[in-house]
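A look at the structure
Residue strings, one per chain:
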2 protein chains.
Amino acid sequence: MDGSFFQVKVLNTEFRRRGKEMVDYVADYLENIEKRLVYPDVEPGYLRSLIPTEAPLEPESYEDVIKDVERVIMPGITHWHSPYFFAYFSAASSYPAMLADMLCGALGCIGFSWAASPACTELETVMLDWLGKMLQLPECFIAGTHGSGGGVIQGTASEATLMSLLAARCKAIRRVQATNSNYSESDVLGKLVAYTSEQAHSSVERAALIGGVMMKQVPADNSYAVRVDMLKKMMEEDKAAGLIPFYFCATLGTTPSCAFDRIVELGPLCNEENIWMHIDAAYAGSAFICPEFRPLLNGVEFADSFNFNPHKWLLVNFDCSAMWVKKRTDIIGAFKMEPLYLKHENQESGRSITFTHTHWQIPLGRRFRSLKLWFVFRLYGLQGLQAHIRKQVALAKVFESLVRADKRFEICAEVIMGLVCFRLKGSNELNQNLLKRITDSREIHLVPCQLSGRFVLRFAICARTTESSHIQQAWRHITQLTFELLQEPSH
Amino acid sequence: MDGSFFQVKVLNTEFRRRGKEMVDYVADYLENIEKRLVYPDVEPGYLRSLIPTEAPLEPESYEDVIKDVERVIMPGITHWHSPYFFAYFSAASSYPAMLADMLCGALGCIGFSWAASPACTELETVMLDWLGKMLQLPECFIAGTHGSGGGVIQGTASEATLMSLLAARCKAIRRVQATNSNYSESDVLGKLVAYTSEQAHSSVERAALIGGVMMKQVPADNSYAVRVDMLKKMMEEDKAAGLIPFYFCATLGTTPSCAFDRIVELGPLCNEENIWMHIDAAYAGSAFICPEFRPLLNGVEFADSFNFNPHKWLLVNFDCSAMWVKKRTDIIGAFKMEPLYLKHENQESGRSITFTHTHWQIPLGRRFRSLKLWFVFRLYGLQGLQAHIRKQVALAKVFESLVRADKRFEICAEVIMGLVCFRLKGSNELNQNLLKRITDSREIHLVPCQLSGRFVLRFAICARTTESSHIQQAWRHITQLTFELLQEPSH
């Protein structure tokens, strides 16, 4: 067997064998995942000592490599798809998406232009239309309606936020220079100001840092949402001080507590003031395919761009972040570059200009990620996807009830989707100690957040395979650790 | 079978079956790829009419989905892994990388911090050390030597360039403000000037556009390389005009002609002038694992950051772009953000700070991409990888000889690696017509470039499976089309 991967003639046969073994390994792993401790018991630097310091000169056997998966890798894995994983937000995973990814790897086309693989660019446009229709997005965001907008797959919500901020920056600079021709670009840059919620994801602030513009955090209300009066007040003060407000990033489903900024009131203000409104619904966006959650997206018609991550909650493996813009020209205009080796004869036709997604993103290369959407949409159907969302929201409600029934605990934010923020009534230190016990036990995994200065535990329904029994078990575990903690003399 | 993906109990069994079928489909596709026309015969918009306008309400059968791969997708695929694909640069593909990607999909961990999956972050650091050693990078770039540098996997070279430019921008702003405390950030931004070759990839100019800084193109010499005198002259003029040079992006292996900027002379100048030198060796970098090509990397010791794409030429499927920095603090300092939900108890230890790759890149989420490197390095071994590089360079030499033997043609740039730039002696129009015939025939696929105002055909050795017989066949095809073209009355 040694070195067979290097002998071209046996490559295909060997792949058929090893590929099928890998399919079984993957199925075994996922079937038995709850038997593994969800959080790994290793110290930083554990891995380096387990493997050689250099690559081998000659090929090793496949058996040796695959043996090392259990020896070297698995001890250091946080098992995101264990039904006992309740940290961060869910990372989507499904068999249809994995099958599509296998096909994507084999095709191995880099879709940086229409000609580089027409199917790659075209399926993406149509899948984003399918998805936009599932969300009942206004027609202006749907490419197939011959409107001015359309969708694109980004790697992450961070990239979508950055692209929207850069497009807004470009538009603002052009607008300001059109009326103040003596302003240089850096003069304008120094006056631009962007806004987002104090509850927004760190990547929003980071986008402003990258774009070289000032960003201000808008205070949220008691439910951790931004209201129009708060934004309006800040903007007016800034304008009076000679600054130029140009961008607002609203969040639907914040990371700490899954709060929803009031875009119905914020949108009209942004439109009146010529401010680009981007909506980041990274986690919660998937839920808008259910009619009962769709009202939370009302106001999207005022947005210039909208983004959410099917790779979080819509059963499409990472990475796949869906972004729509109202006017393609806004985002393309900011970045279009066309060296000769990327030109092709079809690009001057009106239709294919739509399709050059490379102008819509930071990287030039792109995988055939829409295959995952196509497989998942067809093999689950809209109803199957809705059932997945509803099941996870219902499980969050189960956990909320358990917490509410225990007077030692409190719920810290309204439970709207699959996230429950809770804490022990008492000091931050007490709650930090509880979390430390949970983390150290490695049986379930949570991360904290801070809400109104309080240290809060986030319990997010994550894995596709999490059932009510896992929630019950997790709660028994938490209350047992709480019991032990409160027994200690210091409390 | 209908809807079985939605019935949880049969999911695993169904995946074992469909996964193995997909392995066979993939193996069949790659085994028979040369029977397909390499370039697709479709018009822009072809796909939309082949599928419904909306996602199905109920699950479809797997058979229907997989049937549509041949009906809908394959007609629109440019077959990058066909031995008759000679366009752009190679996109790497190998069975070991595909197997690792299957495992990566199943683990589905999002490695945005050490705690989010320790193995993901740690294997990446060690694999970048392995790779750095294969390239004989100076020790300061190797994390395991306890130096100040280290490596990170980016999605694409575009992102690596952008990260290096942003880190350089941050460093320059701090330096300038330290001595001119009355300068605002935007004052400095307006004076900063970056440089790159006129032959550099469009993503370099785009990085400057994103970063909001001026970028100037340095004229290349007759071999399409930048020399130190050209850069020095421009910088001195700019400094005299009150600008602040801060960044130079050198290219090793330019996209048009695979030219090499003279970093041995450029590096010392950049170091003296406090200019961040980034080296973009996206394509050619893989070849530096061969001692005979390593001299082209001499001068890397002067660089602040260095990047190349194993996903181009090192048999690691897209995406996997390897980047090293000399000082981790330069790149981390520019972007570090730490909300509570990303903190974990190990992060304050000196060792684990090394491991937070999220501060080194644009996206927050990251797949477990180092698994691909690990599988490929071990299953090919360094010698296997070197053999792959040498074989492709030798094939380029075969093609070069064929061109040189035909007096109607000329070679347009020195053939150093796997790229041959050639053209018919005659007008640009003549060469455009030849390329159009080649493209329309769909039997082989090339793209053009422009060199010194001339329209040039690029013949890049791309697929892992390309053999000398394919090169001979491609040349017969080109000369046949040339014969037909020159027969036409207009010539």
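Conventions used here
- Residues numbered from 1 in each chain as written.
- Chains lettered and ligands numbered in written order.
- Predicted model: local features only at pLDDT ≥ 70, side-chain atom pairs only at ≥ 80, totals over all residues.
- Heavy atoms only, no water.
- Helix = DSSP H or I, 4+ residues; strand = E, 2+ residues; numbered from the N terminus.
- Rg over C-alpha atoms; globule rule 2.2 N^0.38 Å.
- Buried < 20%, exposed > 50% of the residue type's maximum accessible area, 1.4 Å probe, protein only.
- Contact = heavy atoms within 4.5 Å.
- Areas by Shrake-Rupley, 256 points an atom, 1.4 Å probe, with all protein chains shown as cover.
- Lys, Arg positive; Asp, Glu negative; His and termini not counted.
- Charge placed at Lys NZ, Arg CZ, Asp CG, Glu CD.
- Least-squares fit on C-alpha atoms with pLDDT ≥ 70 in both.
- Axes fitted to C-alpha atoms, helices over the stretch in contact; angles between N-to-C directions.
- Left-handed = near helix turned anticlockwise from the far one by under 90°.
- Nonpolar A, V, L, I, M, F, W, Y, C, P; charged D, E, K, R; others polar.
- Disulfide = S-S within 2.5 Å.
- UniProt positions renumbered as here; feature names shortened; annotations may be inferred.
- Buried area = accessible area lost by both parts, 1.4 Å probe.
- Salt bridge = Lys/Arg side-chain N within 4 Å of Asp/Glu carboxyl O.
- Pairing = 2+ DSSP bridges.
- Phe/Tyr/Trp six-rings, centres within 6.5 Å; stacked < 30°, edge-to-face > 60°.
- Lys NZ or Arg CZ within 6 Å of the ring centre and 35° of its normal.
- Parallel < 35°, antiparallel > 145°, perpendicular 65-115°, else oblique.
- Expected span 1.5 Å × (residues − 1).

This part covers the overall build of chain A. A count of helical and extended segments in chain A gives 15 helices and eleven strands. Here the C-alpha atoms of chain A give a radius of gyration of 25 Å, agreeing with the 23 Å that 2.2 N^0.38 yields for 491 residues. If you line up chain A on its principal axes, its C-alpha atoms span 70 × 65 × 45 Å. Taking all 491 residues of chain A together, 67% fall into the buried category. For chain A, long-range pairs separated by at least 24 residues make up 73% of all intrachain contacts whose partners lie at least 6 apart in sequence. Accessible surface for chain A amounts to roughly 16,000 Å². Of this, 51% is attributable to carbon and sulfur atoms. Side-chain charges of chain A comprise 51 positive and 54 negative groups, with the mean position of each set lying 3 Å from the other.

Superposing chain A onto chain B requires a rotation of 180 degrees together with a translation of 0.0 Å along the rotation axis, leaving an RMSD of 0.0 Å. As the rotation angle and translation indicate, the two copies are arranged about a two-fold axis. A symmetric contact is evident, with 100% of the interface residues of chain A recurring at the interface of chain B.

Before going further, it helps to spend a moment on the packing of helix 2 (residues 62-73) of chain A against helix 13 (residues 370-404) of chain B. Between helix 2 of chain A and helix 13 of chain B, the least distance of the axes is 10 Å, while the angle of their chain directions is 145 degrees. Regarding helix 2 of chain A and helix 13 of chain B, the two cross each other, and that crossing is right-handed. For the pair helix 2 of chain A and helix 13 of chain B, contact is made by A:Tyr62, A:Asp64, A:Val65, A:Ile66, A:Asp68, A:Val69, A:Val72 and A:Ile73 and by B:Leu371, B:Trp374, B:Phe375, B:Arg378 and B:Leu379, respectively. Taken together, the residues of the contact of helix 2 of chain A with helix 13 of chain B sort by class into ten nonpolar, no polar and three charged.

Residue and element names in this part refer to chain B. Scanning the model with the defined rule gives zero disulfides over all chains in all. For Cys258, which is in no disulfide, the shortest distance to another cysteine sulfur is to Cys421 and amounts to 8.5 Å. Of the residues examined, Cys258 reaches a relative accessible area of 2% and is grouped as buried. Residue Cys462 stays outside any disulfide, its sulfur separated by 12 Å from that of Cys258, the closest cysteine. Take Cys462: its relative accessible area is 5%, and that puts it in the buried class.

For the rest of this paragraph, the subject is the UniProt feature "modified residue: N6-(pyridoxal phosphate)lysine" (unreviewed entry) in chain A. In the numbering adopted here, UniProt assigns the feature "modified residue: N6-(pyridoxal phosphate)lysine" (unreviewed entry) to A:Lys312. Non-local contacts of A:Lys312, meaning those with residues more than four positions away in its chain, are made with A:Phe89, A:Ser90, A:Ala91, A:Ala92, A:Ala282 and A:Tyr283.

Before going further, it helps to spend a moment on the interface of chain A and chain B. In this assembly, 151 residues from chain A lie in contact with 151 residues from chain B. For the pair chain A and chain B, the two sides together bury roughly 13,700 Å², of which 67% comes from carbon and sulfur. Where chain A touches chain B, the interface holds 14 salt bridges. Between B:Asp24 and A:Lys20 there is a salt bridge whose closest N-O contact spans 2.8 Å.

Our focus in this paragraph is the pairing of strand 7 (residues 321-325) of chain A. All names here are of chain A. The element strand 7 is largely enclosed, with a buried count of five among its five residues. Residues of strand 7 alternate between two faces, with Ser321, Met323 and Val325 on one and Ala322 and Trp324 on the opposite face, all of them buried. By the bridge criterion, five bridges tie strand 1 (residues 150-154) to strand 7 in an arrangement that is antiparallel. Bridge assignment links Gln154 to a residue of strand 7, and that residue is Ser321. Both strand 6 (residues 305-308) and strand 7 contribute to a ladder of four bridges, which runs antiparallel. If you follow Ser305 over to strand 7, its bridge partner there is Val325.

What follows is about the side chain of B:His311. For B:His311, the location among the structural elements is in helix 10 (residues 310-313). Apart from residues no more than four positions distant in its own chain, B:His311 is found in contact with B:Ser90, B:Ala91, B:Ala92, B:Gly155, B:Thr156, B:Val316, B:Asn317, B:Phe318, B:Asp319, B:Cys320 and B:Ser321.

So, on to the sheet that holds strand 7 of chain A. All names here are of chain A. Pairing in this open sheet of seven strands is mixed, and the strands run 1-7-6-5-4-2-3 from one edge to the other. Sheet topology places strand 1 and strand 3 (214-218) at the edges, where each strand pairs with a single neighbour. Across this sheet, the average inter-strand angle for adjacent strands is 20 degrees, counted without regard to direction. As defined by bridge partners, strand 4 (residues 244-251) adjoins strand 5 (residues 276-280) across five bridges and the pair is classed as parallel. By the bridge assignment, Phe248 is partnered in strand 5 with Met277. The strands touched by helix 5 (residues 157-179) within the sheet are strand 1, strand 2 (192-197), strand 3, strand 4, strand 5, strand 6 and strand 7, with strand 4 carrying the most contacts at an inclination of about 160 degrees. Against the sheet, helix 9 (residues 263-272) makes contact with strand 4 and strand 5, and its axis sits at roughly 155 degrees relative to strand 5, the strand it touches most.

A separate point is the sheet that holds strand 10 (residues 447-451) of chain A. Residues and elements named next belong to chain A. One open sheet holds the four strands; their spatial order is 8-9-11-10, and the pairing between them is antiparallel. Bordering the open sheet on either side are strand 8 (409-411) and strand 10, each of which pairs with just one other strand. Neighbour-to-neighbour, the strand axes of this sheet turn through a mean angle of 40 degrees, independent of strand direction. Here strand 10 runs beside strand 11 (residues 454-460); their pairing, made up of five bridges, is antiparallel. Bridged to Gln450 within strand 11 is Phe455. This element, helix 13 (residues 370-404), spans strand 8, strand 9 (419-424) and strand 11 of the sheet and lies at about 15 degrees to strand 9. The strands touched by helix 15 (residues 468-487) within the sheet are strand 8, strand 9 and strand 11, with strand 9 carrying the most contacts at an inclination of about 15 degrees.

Summed over all chains, the structure comprises 42 aromatic pairs over all chains. With a centroid separation of 6.2 Å and an interplanar angle of 40 degrees, the aromatic rings of A:Phe85 and A:Tyr88 are classed as tilted. Here A:Phe85 and A:Tyr88 have matching classes, each one buried. Considering the side-chain rings of A:Phe399 and A:Phe422, the 5.3 Å spacing of their centres and the 75 degrees angle between planes classify their relative orientation as edge-to-face. Note that A:Phe399 is positioned in helix 13 and A:Phe422 in strand 9, a separation of 23 residues in sequence. You can call A:Phe422 buried: its relative accessible area is 0%. Taken together through their ring pairs, the aromatic side chains of A:Phe86, A:Phe399, A:Phe409, A:Phe422, A:Phe459 and A:Trp475 make up a single cluster. In this structure, B:Arg458 is placed above the aromatic ring of B:Phe89, and the distance from its NZ or CZ to the ring centre is 4.8 Å. The cationic tip of B:Arg464 hangs over the ring face of B:Tyr95; the distance from NZ or CZ to the ring centre is 5.3 Å.

Residue and element names in this part refer to chain B. Every second residue of strand 6 (residues 305-308) is oriented toward a common face, with Ser305 and Asn307 on one face and Phe306 and Phe308 on the other, all of them buried. Strand direction decides the pairing type here: strand 5 (residues 276-280) and strand 6, joined by three bridges, are parallel. Looking at strand 6, one finds that Ile279 is bridged to Phe306.

Residues and elements named next belong to chain B. Remark: helix 4 (residues 118-134) packs on helix 13, axes separated minimally by 9 Å, with the N-to-C direction vectors making an angle of 25 degrees. Considering their axes alone, helix 4 and helix 13 lie roughly parallel with respect to each other. Two packed elements cross with a definite hand, and for helix 4 against helix 13 that hand is left-handed. Along its contact with helix 4, which presents Cys120, Leu123, Glu124, Met127, Leu128, Trp130, Leu131 and Met134, the element helix 13 presents Ser370, Leu371, Leu373, Trp374, Phe377, Arg378, Leu382 and Leu385.

Residues and elements named next belong to chain A. Using the criterion set out here, one finds 64 salt bridges over all chains in the structure. For Arg18, the salt bridge goes to Glu14, with nearest N and O atoms at 2.8 Å. Placement of both Arg18 and Glu14 in helix 1 (residues 8-31) is noted, with a separation of four residues, approximately one turn of the helix. Assigned by exposure class, Arg18 and Glu14 land together as buried.

All names here are of chain A. Across the junction of Phe318 and Asp319, the peptide omega takes the value 0 degrees, indicating a cis bond. By secondary structure assignment, the location of Asp319 is in the loop between helix 10 (310-313) and strand 7. Even without being a glycine, Arg442 presents a positive backbone phi close to 65 degrees. Counting through the fold element by element, Arg442 comes out in the loop between helix 14 (428-441) and strand 10.

Before going further, it helps to spend a moment on helix 3 (residues 95-107) of chain B. Residue and element names in this part refer to chain B. Under the 1.5 Å per step criterion, the end-to-end length of helix 3 is 19 Å for 13 residues, consistent within 8% with the ideal 18 Å. When you tally the buried positions in helix 3, you get twelve out of 13 residues, the bulk of the element. Tyr95, Pro96, Ala97, Met98, Leu99, Ala100, Met102, Leu103, Cys104, Gly105, Ala106 and Leu107 are the residues of helix 3 that are buried. At the C-terminal side of helix 3, Gly108 shows a positive phi close to 50 degrees.

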